[in-house]
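# Survey of secondary and tertiary structure
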Amino acid sequence: MSILELKNLTYTYGKKTAFEKTAVDNVNLSIEKGEFIGIIGHTGSGKSTLVQMLNGLIKPTSGQVLLDGADIWEKPKEIRKIRFKVGMVFQYPEYQLFDETVYKDISFGPKNKGLTGAELDKAVRDAAKFVGMKDELLNKSPFDLSGGEKRRAAIAGVIAMQPEVLVLDEPTAGLDPMGRELLLSQIAQYHRERKNTVLLVSHSMEDIARVADRIIVMSNSHCVMFDKTKEVFSRGRELEKIGLRVPQITKIMLELREKGIDVDEGILTVDDAVSQITSILKRKGRLW
Amino acid sequence: MVRDITLGQYYPGKSFLHRLDPRSKIILLIAYLVIIFCTFNYLSLLLVTIFTALVIAISGVPFKTYLKSLKIVITIVIITSILNLFYGTGEPIWQWWIISVTANGINRAIFVTIRIICLILASSCLTFTTSPTDLTDALERLLKPLNKIHFPVHEVSMMMTLALRFVPTLLEETDKIMQAQKARGADMEAGNLFTRIKAMIPILVPLFVSAFRRAYEVATAMECRCYNGGSGRTRMKVIHMTKRDAVGFIGVALIIIGVFICNIMMKKVI
Ligand SMILES: Nc1ncnc2c1ncn2[C@@H]1O[C@H](COP(=O)(O)OP(=O)(O)O)[C@@H](O)[C@H]1O
Ligand SMILES: [Mg+2]
């Protein structure tokens with residue numbers, strides 16, 4: 001059964017005012033347990049609004065979010081429980097750090113969930129390990145960390161709640177290329193080891209292409225595509241039309257294909273591209 | 001959501017009032033507020049009420065907006081008018097237990113109500129038709145003489161401008177931080193007063209940290225653009241008094257004269 005199912009999901013900001021804006025318009029889709037989903041779309045396409053509805057931070061104007069088959073707003077009083085099941089990492093999460101030490105800050109979420117003692121300690125240390133936080137950093141003040149370390153600490157604070165679904169809203173925004181690379185591979189590793197569902201919002205196609213099983217493409221408040229990563233990227237021209245840039249290598253391969261060279265659609269990595277091109281060249285006898 | 005609170009009340013437009021020099025508006029408002037409290041009989045009260053209505057009509061700001069600003073003070077109006085009702089002097093015309101109402105009390109209640117309403121409406125006129133930057137700019141120019149006694153007029157007005165600028169930003173920030181902590185299971189509604197105050201810590205600490213960060217950023221940005229206080233600083237938009245301002249001054253002067261004539265000719269009601 002799908003872990004998350006969205007039915008006619010719609011959200012309108014500033015309803016009945018001059019600033020009325022439908023940020024998410026009638027989205028229908030379902031996500032299977034253990035999938036790695038990427039969400040892409042240009043700025044203002046409604047990605048953040050969409051994911052904030054998944055753990056009940058904002059209530060849909062109409063439509064439903066089903067978690068394990070049950071509407072999360074069935075009992076509005078118990079919406080807090082949903083937040084422990086669907087963990088949400090906001091954009092620039094380092095601005096939510098507040099406690100004296102990193103350790104205490106990471107334990108804020110799991111404590112709210114009701115974990116205590118050894119269980120709490122394990123949850124905190126495991127989460128710190130996933131994001132590559134060294135033990136000696138745990139006793140520092142979060143305000144003494146570097147930008148990248150702060151980001152990691154904040155993400156650990158959500159992972160420590162041991163959510164069934166982890167949602168990350170542009171976790172790599174503002175990091176340097178090395179930091180991005182590292183964080184992405186850590187998220188991918190978390191997904192492999194915990195076998196939990198992960199939703200990653202990003203406007204960087206390169207990031208998403210590498211890690212996602214399936215991709216949701218948002219454009220102007222609508223979900224315009226929801227398909228396997230390869231399928232989505234093979235529709236490069238359509239993506240460009242809605243203002244998204246496909247990864248450079250994918251674009252090169254698409255153009256080769258349009259020139260009549262028989263390469264696969266939706267090539268995502270340079271390695272794949274190299275092996276395809278060399279095999280074609282070999283076949284044509286131009287490479288020895 | 002927090003950001004629904006509107007603080008920047010400026011209502012852009014091109015009316016006579018919008019185009020008045022903000023300095024004249026401030027001076028005229030002060031004079032007018034004084035005169036509102038110098039009305040001692042019904043004719044002068046009527047005069048002031050009509051003038052307020054006229055100014056509102058000229059401002060071109062929808063009446064609904066004015067009602068919103070009245071809504072905030074309606075409790076104060078009701079409480080003060082009720083208190084005045086029972087504290088009148090003279091012969092009681094209605095009595096029950098220790099409570100008595102006199103004719104003087106009724107008059108006082110009516111005067112207080114209308115005066116406060118006029119005061120709020122007239123002040124709203126100023127904030128609705130003047131942008132915050134114009135307002136602080138005008139205040140700075142008006143208070144300039146205080147420089148002589150070493151009062152840092154420019155610095156204070158720059159601080160006011162910056163504070164006004166960052167109110168919406170901080171509200172937005174509060175909203176975001178609240179959402180983020182809620183996502184970590186923070187419970188801000190349950191519990192007694194003490195637990196609720198404790199529940200605010202995860203919001204207040206990041207908010208202060210970010211306010212300080214922003215303050216440093218703005219300071220650095222200003223220094224990068226060679227800001228070094230008020231001395232020698234010129235302005236892109238210099239405010240000027242025009243004929244329009246003369247019209248404004250004459251209008252308010254007429255009201256002042258009118259109110260004084262009424263006060264001299266007629267008996268005091270309160
Ligand atoms: N709190 C808000 N109030 C009003 N409008 C908002 C708010 N948040 C977002 N919006 C609007 O909703 C639209 C979608 O925003 P968002 O979901 O943040 O997009 P994305 O995350 O894809 O950049 C944008 O047009 C934005 O202006
Ligand atoms: Mg966003």
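Model, not experiment: these values are computed from the prediction. (Residues numbered from 1 in each chain as written. Chains lettered and ligands numbered in written order. Predicted model: local features only at pLDDT ≥ 70, side-chain atom pairs only at ≥ 80, totals over all residues. Heavy atoms only, no water.)

Our next topic: the interface of chain A and chain B. Taken together, the contact between chain A and chain B spans 23 residues of the former and 17 residues of the latter. Where chain A abuts chain B, roughly 1,700 Å² becomes buried across the two surfaces, and 62% of that area is made up of carbon and sulfur atoms. Considering only the surface of chain A that becomes buried against chain B, Tyr95, Gln96 and Phe98 of chain A emerge as the three largest contributors, covering 32% of it. Linking chain A to chain B there are 2 salt bridges. Here Asp187 of chain B makes a salt bridge to Arg80 of chain A, at a shortest N to O gap of 3.1 Å. Viewed at the interface, chain B and chain A are joined by 8 residue pairs in polar contact (both at pLDDT 80 or more). Those elements that place two or more of their residues in the side of chain A that touches chain B are strand E1 (2-13), helix H2 (79-85), helix H4 (108-113) and helix H6 (147-159) of chain A. Along the lines of polarity and charge, the residues of the side of chain A that touches chain B split into 14 nonpolar, 6 polar and 3 charged. (Contact = heavy atoms within 4.5 Å. Buried area = accessible area lost by both parts, 1.4 Å probe. Salt bridge = Lys/Arg side-chain N within 4 Å of Asp/Glu carboxyl O. Polar contact = N/O pair within 3.5 Å; in protein donor to acceptor, adjacent residues only side chain to side chain. Helix = DSSP H or I, 4+ residues; strand = E, 2+ residues; numbered from the N terminus. Nonpolar A, V, L, I, M, F, W, Y, C, P; charged D, E, K, R; others polar.)

Bringing the pairing of strand E7 (residues 165-169) of chain A into the picture now. Residues and elements named next belong to chain A. Across the 5 residues of E7, 5 count as buried, placing the element largely inside the fold. For strand E6 (residues 86-89) and E7, the ladder comprises 4 bridges, and the chain directions are parallel. Each bridged residue has a counterpart across the sheet, and for Gly87 the counterpart in E7 is Leu166. Across 5 bridges, the pairing between E7 and strand E8 (residues 197-201) is parallel. Bridge pairing in E8 links Val167 to Leu199. With helix H7 (residues 177-194) bridging E7 and its parallel neighbour E8, the resulting β-α-β unit is right-handed. (Buried < 20%, exposed > 50% of the residue type's maximum accessible area, 1.4 Å probe, protein only. Pairing = 2+ DSSP bridges. Right-handed = clockwise from strand over helix to strand, strands pointing away.)

All names here are of chain A. Turning to its location among the elements, Leu182 is positioned in helix H7. Note on Leu182: relative accessible area 44%, which makes it partly exposed. Considered as a pair, Leu182 and Gly132 are 50 residues apart in the sequence and their alpha carbons are 9.1 Å apart.

The subject of this paragraph is the packing of aromatic side chains. All names here are of chain B. Tallying each qualifying case throughout the model produces 8 aromatic pairs over all chains. Judged by centre distance (5.1 Å) and plane angle (55°), the rings of Tyr42 and Phe111 are tilted. Linking Tyr42 in helix H3 (residues 42-59) with Phe111 in helix H5 (residues 103-129), this pair joins segments that are 69 residues apart in sequence. Since its relative accessible area comes to 35%, Tyr42 is described here as partly exposed. The exposure class assigned to Phe111 is buried, which follows from its relative accessible area of 0%. Note on Tyr66 and Phe128: the rings are 5.1 Å apart at their centroids and 70° apart in plane angle, and the pair reads as edge-to-face. Linking Tyr66 in helix H4 (residues 63-86) with Phe128 in helix H5, this pair joins segments that are 62 residues apart in sequence. Through a chain of ring-to-ring contacts, three or more aromatic side chains come together here, namely Phe63, Tyr66 and Phe128. Looking at Arg165, its charged tip hangs above the ring of Phe166, at a distance of 4.5 Å from the centre. (Phe/Tyr/Trp six-rings, centres within 6.5 Å; stacked < 30°, edge-to-face > 60°. Lys NZ or Arg CZ within 6 Å of the ring centre and 35° of its normal.)

Another aspect to go through is a negative patch on the surface. Residue and element names in this part refer to chain A. On the surface, a cluster of negative charge is contributed by Asp262, Asp264, Asp271 and Asp272. Looking at where Asp272 falls in the secondary structure, it is placed in helix H12 (residues 270-283). Under the relative-accessibility criterion, Asp272 is labelled partly exposed at 40%. (Patch = residues over 30% accessible without salt bridge, like charges linked within 9 Å, V, L, I, M, F, W, Y side chains within 5 Å. Areas by Shrake-Rupley, 256 points an atom, 1.4 Å probe, with all protein chains shown as cover. Lys, Arg positive; Asp, Glu negative; His and termini not counted. Charge placed at Lys NZ, Arg CZ, Asp CG, Glu CD.)

As a further point, take the sheet that holds strand E9 (residues 214-219) of chain A. All names here are of chain A. The 6 strands lie next to each other as E6-E7-E8-E3-E9-E10, forming an open sheet whose pairing is mixed. A single partner strand is all that each edge strand has here, and the edge strands are E6 and strand E10 (222-228). Strand-to-strand twist of the sheet, defined as the mean angle between neighbouring strand axes without regard to direction, takes the value 15°. Alignment of strand E3 (residues 36-40) against E8, held across 4 bridges, turns out to be parallel. For Ile39, the partnering residue across the bridge sits in E8 and is Val201. (Axes fitted to C-alpha atoms, helices over the stretch in contact; angles between N-to-C directions.)

Before going further, it helps to examine the site of ligand 1. Residue and element names in this part refer to chain A. Close to ligand 1 lie 12 residues, the nearest being Lys21, Gly44, Lys47, Ser48 and Thr49. Measuring from an oxygen atom of ligand 1, one finds a backbone N or O atom of Ser45 at 3.2 Å. If you list the elements that add at least two residues to the shell around ligand 1, you get strand E2 (21-32) and helix H1 (47-54). When residues of the shell around ligand 1 are assigned to their parent elements, the largest contribution, 3 residues, is made by H1. Residue composition of the shell around ligand 1, grouped by class: 2 nonpolar, 7 polar and 3 charged. (Near = heavy atom within 4 Å.)

Once that is clear, we can look at the domain arrangement of chain B. Examined at the domain level, chain B breaks down into domain 1 (2-131 + 240-265) and domain 2 (145-224). Between the C-alpha centres of domain 1 of chain B and domain 2 of chain B the distance comes to 33 Å. (Domains from an automatic or database assignment.)

The next thing to look at is the packing of H6 of chain A against H7 of chain A. Residues and elements named next belong to chain A. Taken N-terminus to C-terminus, the directions of H6 and H7 make an angle of 15°; their axes are 12 Å apart at the nearest point. Classed by the angle they form, the pair H6 and H7 counts as roughly parallel. Handedness of the H6/H7 crossing: right-handed. Seen from H6, the contacting residues are Arg151, Arg152, Ile155 and Ile159; seen from H7, they are Gly179, Leu182, Leu183, Gln186, Tyr190 and Arg194. (Parallel < 35°, antiparallel > 145°, perpendicular 65-115°, else oblique. Left-handed = near helix turned anticlockwise from the far one by under 90°.)

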